[in-house]
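Analysis of the macromolecular model
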Number of protein chains: 2
Amino acid sequence: MKCSRCKSLAQVALPSHHAGFCPDCFNLFFSRQVERAIRHFRMFTHKDKVLVALSGGKDSLALFRELHMQGYDVTGLHIDLSIPNSSSHSRAVVEQFCEGLGAPLRVVNMADEGLPISEVKRKINRPVCSVCGKVKRYYFNKVALDEGFTALCTGHNLDDEVGRLFSNTLRWDVSYLSDQSPALPAEGGFAPKYRPLYRLSEFETAAYCFLNGIEHSTAICPYSAGASFPVRKELLNTLEENSPGSKLQFYEGFLKTAKPLFEAAEERDGYAVSPCTGCGYPTSAGLCNICRMKEQVAAED
Amino acid sequence: MKCSRCKSLAQVALPSHHAGFCPDCFNLFFSRQVERAIRHFRMFTHKDKVLVALSGGKDSLALFRELHMQGYDVTGLHIDLSIPNSSSHSRAVVEQFCEGLGAPLRVVNMADEGLPISEVKRKINRPVCSVCGKVKRYYFNKVALDEGFTALCTGHNLDDEVGRLFSNTLRWDVSYLSDQSPALPAEGGFAPKYRPLYRLSEFETAAYCFLNGIEHSTAICPYSAGASFPVRKELLNTLEENSPGSKLQFYEGFLKTAKPLFEAAEERDGYAVSPCTGCGYPTSAGLCNICRMKEQVAAED
């Protein structure tokens, strides 16, 4: 197979784009998909102060490198979750990566915040994955607002977005469907949030990391066993194999056609957020989830 | 496993209903699901003259038998498609079935109508499955209107409905999504259309046929090879296996939450139907598909 752009030997085949690329042209393809996402949703410009959440996985590191290469003013943010046999490894990967790139990094340690996930898991009677997601989103937002960042980016790729859309659609959850977008504006105490990799698949970010020598963490979270998400991802992969391009079509069709309808319904029937009585960050309850969790974790056994 | 109702030996396991039934209680379960569908959508009463489309497959025969047993005034309608090595078999199955039941049957022969599907396939440069669907829907509607039936029923089961919903959702096709329902009222030249089996899965109608000795046609249409529908049905089956009940939840959630939003959008932006200039039955074009096809088939080679 020849590179669709320069006709040398292709190394990455992309059936969903009816294309194949050599390493250099694949990097160009990758950059253009990111540029297109940023431009289409007017995410940010070179004047913005951009905070990029870095888990240490391939997606966040690929995004950080790409935005850095494109000359954006980026700072990494790593949340050290204090999960035994996992968090210290991820943190070391992120620190080494940022050092190599010569880019600034902020680390927030959940143990220092009174919310080590190992303790949270022990004390809170809920699936830990959703709790962990809440904790991370809270601190992403807090750091962005407290430290004057004008854009907050996460490395969610097309497969993440489509997997989430699929789950929300199976439940026809209007509140979640109205809110799913690669670009959420600043409002009600939330920093503006962006997902510049939404046009790129998991395979494409993995190829980008491989071709650019990005050493990312591949450790599986010791708490993630039994999550139902992988089964649905598998289904969507079968669909994509059977009809290449269907993931991006499904997602873009949603954004263009269906999301406005769900948004209008949610504006009519949805409920508002207001500042948490504890920490002041937005919540739909009086005292936010994070403040309640901190109380539970701090309480005597 | 014991029957969830009478505690004798269960023969049919239904994980999506957290139940298992012996043959008698399964029949009762089946009847109640049909009753519930008819009642919830106020489909028809015992005063209505009900036309039931009979392909000869398990779903349509199961529906016909069930409505007949429940005392509804039902007449079968079979469309003989004139497909070699297939149609004559289906027709014989339907004729024998109605005779056994002592129920009236109308047969419309596509060869007599100038539209044998074998000829249509030869002359029309489109996937034949969609053409065949159009032809059948046209004659279902025509016979219902011409002969004074007040309800038109088809044997679409839950898997059919969910498969169609899934495909429409993957494309976010507002026009189709606004129109998908187990009950479509009479309007704009269309007879009222109902799908009383929408709460019952393919497995459940198959079990009903088996337990009640219904001999249905199992012949696969010689023209159906390569249809993409089976792949998606397979995906949905995996989803259901992984989380029993998710098909019915997906479909009912759609009807309750999302369909009204798509309907409102379609009313705002959709286009109207009017009588065909040829046959007078409703179409969104001037001359309807069926009249155009008849012209093409009648034309010299």
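This text gives an overview of the structure that appears in the document.

Cut-offs used in this document
- Residues numbered from 1 in each chain as written.
- Chains lettered and ligands numbered in written order.
- Predicted model: local features only at pLDDT ≥ 70, side-chain atom pairs only at ≥ 80, totals over all residues.
- Heavy atoms only, no water.
- Helix = DSSP H or I, 4+ residues; strand = E, 2+ residues; numbered from the N terminus.
- Rg over C-alpha atoms; globule rule 2.2 N^0.38 Å.
- Buried < 20%, exposed > 50% of the residue type's maximum accessible area, 1.4 Å probe, protein only.
- Contact = heavy atoms within 4.5 Å.
- Areas by Shrake-Rupley, 256 points an atom, 1.4 Å probe, with all protein chains shown as cover.
- Lys, Arg positive; Asp, Glu negative; His and termini not counted.
- Charge placed at Lys NZ, Arg CZ, Asp CG, Glu CD.
- Phe/Tyr/Trp six-rings, centres within 6.5 Å; stacked < 30°, edge-to-face > 60°.
- Lys NZ or Arg CZ within 6 Å of the ring centre and 35° of its normal.
- Salt bridge = Lys/Arg side-chain N within 4 Å of Asp/Glu carboxyl O.
- Least-squares fit on C-alpha atoms with pLDDT ≥ 70 in both.
- Expected span 1.5 Å × (residues − 1).
- Polar contact = N/O pair within 3.5 Å; in protein donor to acceptor, adjacent residues only side chain to side chain.
- Pairing = 2+ DSSP bridges.
- Right-handed = clockwise from strand over helix to strand, strands pointing away.

**Section: the overall build of chain A**
Each helix and strand in chain A was counted, giving eleven helices and ten strands. Expected size for 301 residues packed as a compact globule is a radius of gyration near 19 Å; at 20 Å, chain A falls within 12% of this value. A total of 301 residues make up chain A; the buried ones form 50% of that total. Counting only contacts in chain A whose residues sit at least 6 apart along the sequence, the fraction spanning at least 24 positions is 70%. Accessible surface, chain A as shown: approximately 14500 Å² in total, 51% of it carbon and sulfur. Here chain A carries 34 positive and 34 negative side-chain charges, and the mean point of each set is 3 Å from the other.

**Details of the packing of aromatic side chains**
Here the structure, examined in full by the defined rule, presents 33 aromatic pairs over all chains. One aromatic cluster is present, formed by W172(A), F250(A), F254(A), F262(A), W172(B), F250(B), F254(B) and F262(B) through successive ring pairs. Here the basic side chain of K121(A) rests over the ring of Y223(A), its NZ or CZ set 5.0 Å away from the ring centre.

**Regarding the pattern of salt bridges**
Side chains bearing opposite charge may pair, as long as their charged atoms lie close to each other. Tallied over the full model, the rule gives 30 salt bridges over all chains. Close ionic contact of E161(B) with R195(B) constitutes a salt bridge, the shortest N to O distance being 2.4 Å. Taken together, the residues E161(B) in helix α6 (residues 158-171) and R195(B) in the loop between β8 (193-194) and α8 (202-211) connect sequence positions 34 residues apart. Each of K58(A), D59(A), D160(A), E202(A) and K233(A) takes part in a single network of salt bridges with overlapping partners.

**With respect to unusual backbone geometry**
Residue and element names in this part refer to chain A. A positive phi angle, near 70 degrees, is found at K7, a position not held by glycine. Along the chain, the position of K7 falls in the segment before β1 (12-14). Positive phi, close to 60 degrees, is recorded for N85, a residue that is not glycine.

**Description of the relation of the copies chain B and chain A**
Each copy of the sequence occupies a distinct position, and chain B is placed on chain A by a rotation of 180 degrees and an axial shift of 0.0 Å, giving an RMSD of 0.0 Å. Taken together, the rotation and translation relating the two chain copies correspond to the operation of a two-fold axis. Most of the interface of chain B is mirrored in chain A, where 100% of its interface residues are also at the interface.

**Points about α6(B)**
Along an α-helix, residues three or four positions apart point the same way, because every turn accommodates 3.6 residues. All names here are of chain B. With 14 residues, α6 extends 20 Å from end C-alpha to end C-alpha; this agrees with the ideal 20 Å at 1.5 Å per step. For α6, the complete set of buried residues consists of L158, D159, D160, E161, V162, G163, L165, F166, S167, N168, T169 and L170. Taking the backbone nitrogen of D159 as reference, a side-chain oxygen 2.9 Å away marks N157 as the first, capping residue of α6. Of the residues one or two after α6, W172 is the one with positive phi, at around 45 degrees.

**Notes on the sheet that holds strand β5 (residues 105-109) of chain B**
All names here are of chain B. Taking strand neighbours across the sheet as the criterion, the six strands line up as β5-β4-β3-β6-β8-β7 in an open arrangement whose pairing is mixed. Edge positions in the open sheet fall to β5 and β7 (183-184), since each of these has one partner strand only. One ladder, built from three bridges, connects strand β3 (residues 49-53) with strand β6 (residues 151-153); its direction is parallel. Residue pairing for β6: L51 is matched across the bridge by L152.

**Thoughts on the pairing of β5(B)**
All names here are of chain B. Note: strand β4 (residues 73-80) against β5, five bridges, orientation parallel. Within β5, the position partnered with G76 by the bridge is L105. At this point the chain moves from β4, through helix α3 (residues 87-101), to the parallel β5, and the crossover so formed is right-handed.

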